[in-house]
Amino acid sequence: MSSAIEIRDDRARGVLEAHAGGEVVGQIVYFTLEEPERALVPVHTEVEPAHEGEGIAGSLARELYVMAAREGITVAPLCPYVVKWAERHPDEAPVPSGELVKAALDKVRSDPAAW
């Protein structure tokens, strides 16, 4: 990945963005779950086609887990990319409880148009 990538969190919008050259080149869309425990729930990861293969999606996933650890909360991934990333990096990505994942899925199902 280029050293010119900057990752920024916009918690109000629920978007973790990778910026390069003044442009957004990748993002993870997420929400914050409050019950049964506070968690970050990534639902979608996207990288601009011109920047695929640069490690941007992995850097975003790693930063999401770093943010959660810093806040003392869990990540309950629903995004297929983040799920696979977490499986490949178990030392960086603690496995959430089944109850937490179910609560995240229930929230997404209650308003699928929001994600």
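Notes on the structure follow.

Definitions and limits used
Residues numbered from 1 in each chain as written. Predicted model: local features only at pLDDT ≥ 70, side-chain atom pairs only at ≥ 80, totals over all residues. Heavy atoms only, no water. Phe/Tyr/Trp six-rings, centres within 6.5 Å; stacked < 30°, edge-to-face > 60°. Helix = DSSP H or I, 4+ residues; strand = E, 2+ residues; numbered from the N terminus. Buried < 20%, exposed > 50% of the residue type's maximum accessible area, 1.4 Å probe, protein only. Contact = heavy atoms within 4.5 Å. Expected span 1.5 Å × (residues − 1). Arc of directions from axis to C-beta. Salt bridge = Lys/Arg side-chain N within 4 Å of Asp/Glu carboxyl O.

**Observations regarding the packing of aromatic side chains**
Right, so step 1: Applying the stated criterion across every chain, the model contains 1 aromatic pair.
Right, so step 2: Ring geometry for Y65 and W85: centres 5.6 Å apart, planes at 25 degrees, overall stacked. Residue Y65 is located in helix α1 (residues 56–71), and its partner W85 is located in helix α2 (residues 80–88); the two are separated by 20 residues in the primary sequence.
Right, so step 3: Accessibility expressed as a relative area gives 6% for Y65, which makes it buried.
Right, so step 4: The class for W85 is buried, based on a relative accessible area of 2%.

**Brief notes about the environment of T45**
Right, so step 1: Within the secondary structure layout, T45 lies in strand β4 (residues 39–47).
Right, so step 2: For T45, a relative accessible area of 16% corresponds to the buried category.
Right, so step 3: Expressed as a C-alpha distance, the spacing of T45 and F31, which sit 14 residues apart in the sequence, is 13 Å.
Right, so step 4: Sequence-distant contacts of T45, that is, excluding residues within four places in its chain, are made with Q27, I28, A57, C79, Y81 and V82.

**Some details on helix α3 (residues 98–110)**
Right, so step 1: Relative to the 18 Å expected for 13 residues at 1.5 Å per residue, α3 spans 18 Å between its end C-alpha atoms, a close match to the ideal helical length.
Right, so step 2: Of the residues making up α3, those classed as buried are L100, A103, A104 and V108. Around the axis of α3, the buried residues are gathered within 135 degrees of arc, so they sit on the same side. Residues of α3 that are exposed and point more than 90 degrees away from the buried face comprise G98, E99, R109 and S110.
Right, so step 3: Buried residues along α3 sit against β3 (23–33), β4 and β5 (74–75).

**Notes on unusual backbone geometry**
Right, so step 1: In this chain, E35 is followed by P36 through a cis amide linkage whose omega measures 10 degrees.
Right, so step 2: The topology assignment puts P36 in the loop between β3 and β4.

**Topic: the pattern of salt bridges**
Right, so step 1: All told, the structure shown has 9 salt bridges when counted by the stated rule.
Right, so step 2: A salt bridge links D106 to K102; its shortest N-O distance comes to 2.8 Å. Of this pair, D106 and K102 are both found in helix α3, 4 residues apart, which corresponds to roughly one turn of the helix.
Right, so step 3: A network of salt bridges, in which partner residues are shared, links D9, R11 and E71.

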